[in-house]
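Residues per chain are reported as follows:
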Amino acid sequence: MKMIMAVIHSDDLNAVNKALYKNNFQSTRLATTGGFLSAGNSTIIVGCKDEDVEKVCGLIQSESQKREEVVPAGAPLDVNNVISAPINVTVGGATIFVLNIEEFRKV
Ligand code: 2BA
């Protein structure tokens, strides 16, 4: 069994969720915040069989768009530095982690 954690843009959440639901995959949604932009994003968790990983990742990918976001001047770059002028970054489509699950129980 695997656990898929995907960080996606919040605007894609409904489409991703709908695609998973239509294909009989259960999911959990978390409201998260990106460490770099400090902006809200969404993380979706799906537990699935090993053989379904590609299908789940494909569904998430197909509903997650790439977007340009502007990081404003003054945003922190690291502990000592801030961004001196606004920069564009490409965010997404989805950042996906696939984890091995040792045991899965519903009790
Ligand atoms: P954020 O951390 O807010 O990052 C948003 C976007 O800013 C990133 O898009 C990337 O294009 C850019 N970015 C991030 N750190 C940067 C840096 N030090 N210098 C220049 N540009 C930087 P994505 O790579 O598509 O990531 C989207 C979101 O996925 C991230 O939001 C974060 O919440 C999550 N994420 C990405 N990689 C991760 C990782 N290795 N571990 C945990 N979460 C991750």
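Sequence order as written defines the numbering, with residues in each chain counted from 1. In keeping with the predicted nature of the model, local features appear solely for residues at pLDDT of at least 70, side-chain atom pairs appear and are counted solely at 80 or more, and the whole-chain, interface and lining totals rest on all residues. Side-chain metrics rest on all non-hydrogen atoms present in the structure, leaving aside hydrogens and water.

Novice: So what exactly am I meant to see when it comes to helix α1 (residues 13-22) here?
Specialist: Because each turn of an α-helix spans 3.6 residues, side chains separated by three or four positions end up pointing in the same direction. Think of it in three bands: residues with accessible area under 20% of the maximum for their type are buried, residues over 50% are exposed, and the middle band is partly exposed, with areas taken using a 1.4 Å probe on protein chains only. Numbering of helices and strands starts at the N terminus; helices are DSSP runs of H or I of at least 4 residues and strands are runs of E of at least 2. Among the residues making up α1, those that are buried are Leu13, Val16, Asn17, Ala19 and Leu20. Take α1 and look down its axis: the buried residues cluster within an arc of 160°, on one side only. Projecting away from the buried face of α1 at angles above 90 degrees are the exposed residues Asn14, Lys18, Tyr21 and Lys22. In this structure, the buried side of α1 is in contact with β1 (2-8), β2 (28-33), β3 (40-48) and α2 (53-63). Working note: the arc is built from the helix axis to C-beta atom directions. Two residues form a contact once any of their heavy atoms are found within 4.5 Å.

Novice: Would you mind going over α2 with me for this structure?
Specialist: Val53, Val56, Cys57, Leu59 and Ile60 are the residues of α2 that are buried. Buried residues of α2, seen end-on, are gathered within an arc of 160° and therefore sit on one face of the element. Residues of α2 that are exposed and point more than 90 degrees away from the buried face comprise Glu54 and Gln61. Looking at the packing, one finds that the buried side of α2 touches β1, α1, β3 and β6 (94-100).

Novice: Can you walk me through the sheet that holds β3 in this structure?
Specialist: Sheet strands line up and pair through hydrogen bonds in the backbone, either parallel or antiparallel. A sheet is described by the order of its strands in space; here four strands give the open sequence β2-β3-β1-β6, paired in antiparallel fashion. The open sheet has two edge strands with one neighbour each: β2 and β6. When strand polarity is set aside, the average angle formed by the axes of neighbouring strands in this sheet is 20°. As paired elements, β1 and β6 share seven bridges and run antiparallel to each other. Should DSSP find at least two bridges between two strands, the strands are regarded as paired. For every element, the axis is a line fit to its C-alpha atoms; helices are fit only across the contacting stretch, and the angle between N-to-C directions ranges from 0 to 180 degrees.

These figures come from the coordinates and say nothing about function on their own.
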